[in-house]
Amino acid sequence: MMLAPARRPALHAAPGRGAAAELMARLLRDRLTLAGAGILALLAALAVIVPLVSPVDPTATSLPDRLLPPAWVPRGTTAHLLGTDGLGRDILIRIVYGGRISLTVGFGAALIAAALGVPLGLCSGYFGGAADAVIMRLVDIQLGFPSILLYISALAVVKPGLFNMVAILGIAGWVIHARVIRAQVLAQRQMEYVEAARALGSSHLWILSRHVLPNVLAPVVVISTYSIAVFIITASSLSFLGLGLPPSTPDWGQMIATSMNYIRRAWWPSTFAGLALSLTVFGVSVLGDWLRDYLDPRLRVET
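Here's what I pulled together on the structure shown here. (Residues numbered from 1 in each chain as written. Predicted model: local features only at pLDDT ≥ 70, side-chain atom pairs only at ≥ 80, totals over all residues. Heavy atoms only, no water.)

So, the overall build of the protein
Convention followed: Numbering goes from the N terminus for both helices and strands, where a helix is a DSSP run of H or I of at least four residues and a strand is a run of E of at least two. Based on C-alpha atoms, the radius of gyration is set beside the globule rule, defined as 2.2 Å times the residue count to the power 0.38.
Within the protein, the secondary structure is distributed over 12 helices and 0 strands. Reading the helices (α) and strands (β) of the protein from amino to carboxyl end gives α-α-α-α-α-α-α-α-α-α-α-α. Computed over C-alpha atoms, the radius of gyration of the protein comes to 24 Å, more than 25% over the 19 Å expected from 2.2 N^0.38 for 303 residues, which places it beyond the range of a compact globule. A principal-axis box enclosing the C-alpha atoms of the protein has dimensions of 90 × 60 × 30 Å.

Right, here's the structure in full:
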């Protein structure tokens, strides 16, 4: 009598689905992180949809409509829900367009910083020797300069523009990635699986890409999330100082700077721009904290 072959357990049918379900379940249980993710999702959706459907130009001025208050304040109008600034420009539209710029700067600069810092950190930690000495001395030299002065000096000699700001912030931000990844690789290169790969004759590139890099990706994700928040704040600070972007660009930092002259008379331009900046940084920060706890098994708390 022949026995029927044993059926493979359903647990192994779709391994990725279980991980995705666990990730979503953990996110839904954390209300603070869920609120932060919702803020970022809402801002991203508005930044994509509003420019496609709204006929309002964020740079168009209308002096008869200058300094109109929000719609719920006396003299306010529903045509400008959050009011207008000193040149009659709609604040809500400018905040939405400013969100596009902030998200582009934050994510773009973080991507450039990771693309530069991760490979250099891998090489520094894995090979050591002269490569490690040169890369770490470059890191020390750059860290010896105050970051804001470095940004101001670089932006002062290039043409104002979004691409230049993203490039400068990303190039200057590689050092954090490099130092953290180097520390992780120094611990990983002594592990048994790396020694086994070397004994089997694997090349250095194969070991780094197939063995070491996957085991240090969690810190990369956490650092990149933290860097997004830092780059958003830095870009707004530079715009507040009048650097990096043309004066007509709808940017939160410029909105706060231009409204300082009449803040006693009209509180809404600077208040709503500052609130948008604070909520965005809050969303990125709490999401980064949650990713750190989720990706590090030592920090997980089962509920």
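Overview of empty space enclosed by the protein
To be explicit about the condition: A pocket, in this scheme, is an open set of points on a 1 Å grid over the protein atoms alone with protein on both sides within 12 Å along at least 5 of 7 lines, while a cavity is a set where a 1.4 Å probe fits but cannot get out; residues line either one if an atom lies within 4 Å of a point. Grid points are joined across faces, edges and corners, and a volume is the space filled by probe spheres set on the points. Think of it as three bins: nonpolar holds Ala, Val, Leu, Ile, Met, Phe, Trp, Tyr, Cys and Pro, charged holds Asp, Glu, Lys and Arg, and polar takes everything else, Gly as well.
Across all of its chains, the model carries 1 cavity of 30 Å³ or more by this definition. Roughly 50 Å³ of internal volume is contained in the largest cavity. Asp-85, Arg-89, Ile-91, Arg-94, Met-255, Thr-258, Ser-259, Tyr-262 and Pro-269 together form the lining of the largest cavity. Within the residue set of the lining of the largest cavity, elements represented by two or more residues are α3 (91-127) and α11 (252-258). Residues belonging to the lining of the largest cavity are distributed by class as follows: 4 nonpolar, 2 polar and 3 charged.

What about the nonpolar core?
Note the cut-off: The term nonpolar core refers to a set of buried residues drawn from Ala, Val, Leu, Ile, Met, Phe, Trp, Tyr and Cys, joined through side-chain atoms within 4.5 Å. Throughout, exposure labels follow a simple rule: accessible area from a 1.4 Å probe, protein chains only, divided by the maximum for the residue type, with under 20% read as buried, over 50% as exposed, and the rest as partly exposed. Two residues qualify as a contact provided that any one of their heavy atoms is within 4.5 Å of a heavy atom in the partner residue.
Ranked by size, the top nonpolar core spans 39 residues in total, and within it Ile-95, Met-165 and Leu-169 carry the most contacts. Listing elements by their share of this core, those giving two or more residues are α2 (31-53), α3, α5 (147-156), α6 (162-172), α10 (217-240), α11 and α12 (268-295). At 8 residues, the largest contribution of residues to this core is made by α3. Dropping the residues within four chain positions of it, Met-165 is found in contact with Val-105, Leu-155, Ala-235, Leu-238, Ser-239, Leu-243, Gly-244 and Leu-245. If you look at the next biggest cluster of nonpolar residues, it comprises 13 residues, including Val-118, Ile-181, Ile-207 and Val-220.

Focus on the environment of Leu-122
Its location among the elements puts Leu-122 in helix α3. For the pair Leu-122 and Leu-213, spaced 91 residues apart in sequence, the C-alpha to C-alpha distance is 7.8 Å. Beyond its immediate sequence surroundings of up to four residues, Leu-122 is in contact with Ile-181, Val-185, Leu-208, Val-212, Leu-213 and Val-216.

Examining the packing of α3 against α12
As a reminder of what qualifies: Here an angle of 0 to 180 degrees is reported between the N-to-C directions of two axes, which are lines fitted to C-alpha atoms, with helices fitted over the stretch in contact. In this scheme the crossing of two helices becomes right-handed for a clockwise turn of the near helix relative to the far one and left-handed for an anticlockwise turn of less than a right angle.
It is the contact of α3 with α12, at a shortest axis distance of 11 Å, that shows an interaxial angle of 35 degrees. Crossing handedness for the pair α3 and α12: right-handed. Here α3 contributes Ile-91, Ile-95 and Leu-103 to the contact with α12, which in turn contributes Trp-268, Pro-269, Phe-272, Ala-273, Ala-276 and Thr-280.

Observations regarding the packing of aromatic side chains
Here is the rule: Planes of paired rings set the category: under 30 degrees apart is stacked, over 60 is edge-to-face and the rest tilted, where pairs are Phe, Tyr or Trp rings (Trp by its six-membered ring) whose centres lie within 6.5 Å.
This model, assessed by the stated rule, comprises 4 aromatic pairs. Between Trp-72 and Phe-272, the ring centres sit 6.1 Å apart and the planes meet at 85 degrees, which makes this aromatic pair edge-to-face. In this pair, Trp-72 sits in the loop between α2 and α3 while Phe-272 sits in helix α12, placing the two residues 200 residues apart along the sequence. Looking at Trp-72, the relative accessible area reads 57%, which means it is exposed. Overall, Phe-272 belongs to the buried group, its relative accessible area being 13%. Between Trp-267 and Trp-268 the ring centres are 5.6 Å apart and the planes differ by 85 degrees, which places this aromatic pair in the edge-to-face class. For Trp-268, a relative accessible area of 6% puts it in the buried group. Members of the aromatic cluster, connected to one another through ring pairs, are Trp-72, Trp-267, Trp-268 and Phe-272.

Let's talk about the pattern of salt bridges
Filter applied, for reference: We count a salt bridge whenever a side-chain nitrogen from Lys or Arg sits within 4 Å of a carboxyl oxygen from Asp or Glu.
Tallied over the full model, the rule gives 4 salt bridges. As a salt-bridge pair, Arg-89 and Asp-85 come within 2.9 Å of each other at their nearest N and O atoms. According to the relative accessible area criterion, Asp-85 is buried, its value standing at 7%. Note that Asp-85 and Arg-94 form a salt bridge whose closest N and O atoms lie 3.9 Å from each other. Here Asp-85 matches Arg-94 in class, with each residue buried.

What to know about a nonpolar patch on the surface
Threshold: A residue counts toward a patch only above 30% relative accessible area and without a salt bridge, and it is joined to like-charged neighbours within 9 Å or, for Val, Leu, Ile, Met, Phe, Trp and Tyr, to nonpolar neighbours within 5 Å. Using a 1.4 Å probe, the Shrake-Rupley method yields the accessible areas, and only the shown protein chains count as cover for residues.
A surface patch of nonpolar side chains, about 530 Å² in accessible area, is lined by Ile-148, Leu-149, Phe-240, Leu-241, Met-260 and Ile-263. Of note, Leu-241 is situated in the loop between α10 and α11.

Looking at α3
Defined as follows: Multiply 1.5 Å by the residue count of a helix minus one, and that product is the helix's expected span.
Helix length check: α3, at 37 residues, gives a terminal C-alpha distance of 53 Å against a target of 54 Å (1.5 Å per residue), a fit within 8%. Count one or two residues on from α3 and you reach Gly-128, which has phi positive near 65 degrees.

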